[in-house]
Amino acid sequence: MNPVLGRRPRILAATTAAAGLLLVAGCSSDGGGGKTTASGGVPLVKAGQLTTCTHLPYPPFQSEIDGKVQGFDVSLIDLVAKDLGVKQDIVDTPFENFKTGAFLNSEQCDLAAAGMTITPERAKNVDFSDPYFDATQAVLVDKKSGIGSFADLKGKKVGAQAQTTGEEYAKSKGLDPVSFESSDAVLNGLRTGQVQAVVIDYPVVQGWLKDKANADAFKVVDNLNTGEQYGFTVKKGNTELVAAIDKAIKDAKADGTYKKLYEKWIGPYDAAAASASPSAS
């Protein structure tokens, strides 16, 4: 992906008036550069908002719908923002920056939410929240391709999203996947015949197959359990924000909110998705 892609600020709808009152009461300025400290001593890079870096589109976790960024990740971080008495502001950034923590370190964002797999390599540069989602990789193929499983991909044109675990997995198995910048570009590559199959996160495929045209043309021929878990990331050492994110996830699982959001954005609820143990990283 192009590392100089422009960042596109995406501001979510304002929170309720009550949340606005919490904003005034819950944040205190530190007197420099507009930075504030929210409830629980959580530092924020900009006053009055929880700034989230993401990479669009990546449905069902985050994508622009009717002019507003929405999705599973967005909804979960909205819960964190609500607890802090602020609103969430979303900034679209290149995905490779999530591996290095560049935008977190430069204090352009408080956290990153991008359907990102927790890995030891990434944990060297950022701090992860507890896992909030268990993911698998799917192999989606053109129904006319004759491909029946992952084993059949050898010698075929395979696509994956750049800088993702799907791409890394395909390479680890000896494949040379075509890299696409976004999940939308991956799907377009399959539609236009640039590739005959793609390896990408299964929830993304679930979202694609809700469209009848996609379901008529493509099918899942394999589901790869790679042991992946998604986490949100913050700047190294930002223990206060990690604690706030973990609390929001825990509370959402306990009161049924997580289940409702899962069913809204992903599909039939899988209890295993809520049973992920805290990350060792």
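Look up a bit, the structure's there.
In what follows, the accompanying structure is described. (Residues numbered from 1 in each chain as written. Predicted model: local features only at pLDDT ≥ 70, side-chain atom pairs only at ≥ 80, totals over all residues. Heavy atoms only, no water.)

**Examining the state of the cysteines**
Then step 1. For the coordinates displayed, the defined rule picks out 1 disulfide.
Then step 2. Put simply, Cys53 and Cys109 are joined by a disulfide, and their sulfur atoms are 2.0 Å apart. With the S-S dihedral at roughly 65°, the linkage between Cys53 and Cys109 falls on the right-handed side. One end of the pair, Cys53, is in strand β5 (residues 49-54); the other, Cys109, is in the loop between α4 (102-105) and β9 (111-112), and 56 residues separate them in sequence. (Disulfide = S-S within 2.5 Å. Helix = DSSP H or I, 4+ residues; strand = E, 2+ residues; numbered from the N terminus.)

**With respect to the nonpolar core**
Then step 1. Ranked by internal contacts, the top residues of the largest apolar core, which has 46 residues, are Leu50, Phe72, Leu84, Phe133, Trp208 and Leu241.
Then step 2. Top contributing element to this core by residue count: helix α10 (residues 239-255), with 7 residues.
Then step 3. With near-sequence residues (within four places) excluded, Leu50 lies in contact with Leu44, Ile77, Val80, Ala81, Leu84, Val86, Lys87, Gln88, Asp89, Asp110, Leu111 and Leu241.
Then step 4. Among the nonpolar cores identified, the runner-up in size contains 14 residues, and Val91, Cys109, Ala112 and Val126 belong to it. (Core = buried A, V, L, I, M, F, W, Y, C linked by side-chain atoms within 4.5 Å. Buried < 20%, exposed > 50% of the residue type's maximum accessible area, 1.4 Å probe, protein only. Contact = heavy atoms within 4.5 Å.)

**Comments concerning the packing of helix α2 (residues 72-84) against α10**
Then step 1. Close contact between α2 and α10 brings their axes to 9 Å; oriented N to C, the two are set at 115°. As judged from the angle between their axes, α2 and α10 are roughly perpendicular. Handedness of the α2/α10 crossing: right-handed. Across from Leu79, Val80, Asp83 and Leu84 in α2, the residues of α10 making contact are Leu241, Ala244, Ile245, Ala248 and Ala252.
Then step 2. Residues belonging to the contact of α2 with α10 are distributed by class as follows: 8 nonpolar, no polar and 1 charged. (Axes fitted to C-alpha atoms, helices over the stretch in contact; angles between N-to-C directions. Parallel < 35°, antiparallel > 145°, perpendicular 65-115°, else oblique. Left-handed = near helix turned anticlockwise from the far one by under 90°. Nonpolar A, V, L, I, M, F, W, Y, C, P; charged D, E, K, R; others polar.)

**Section: the pattern of salt bridges**
When their charged atoms lie close together, side chains carrying opposite charge are able to pair.
Then step 1. A complete count under the given rule lists 5 salt bridges for this structure.
Then step 2. Among the salt bridges present, the one from Lys247 reaches Asp251, with a minimum N-O distance of 2.7 Å. Here Lys247 pairs with Asp251, and both are found in helix α10, just 4 residues apart, close to one helical turn.
Then step 3. Judged by its relative accessible area of 47%, Lys247 is partly exposed.
Then step 4. Taking the relative accessible area as the measure of exposure, Asp251 reaches 31% and is therefore partly exposed. (Salt bridge = Lys/Arg side-chain N within 4 Å of Asp/Glu carboxyl O.)

**A word on the layout of surface pockets**
Then step 1. Roughly 240 Å³ of volume is contained in the second largest pocket.
Then step 2. When contributions to the lining of the second largest pocket are tallied by element, the ones reaching two or more residues are β6 (63-65), α7 (183-191), α8 (202-208) and α11 (257-265).
Then step 3. Tallying contributions element by element places α8 first for the lining of the second largest pocket, with 3 residues.
Then step 4. Per-class residue counts for the lining of the second largest pocket are 8 nonpolar, 4 polar and 3 charged. (1 Å grid on protein atoms, 1.4 Å probe; cavity = no way out; pocket = protein on both sides within 12 Å on 5 of 7 lines; lining within 4 Å. Points joined across faces, edges and corners; volume = space filled by probe spheres on them.)

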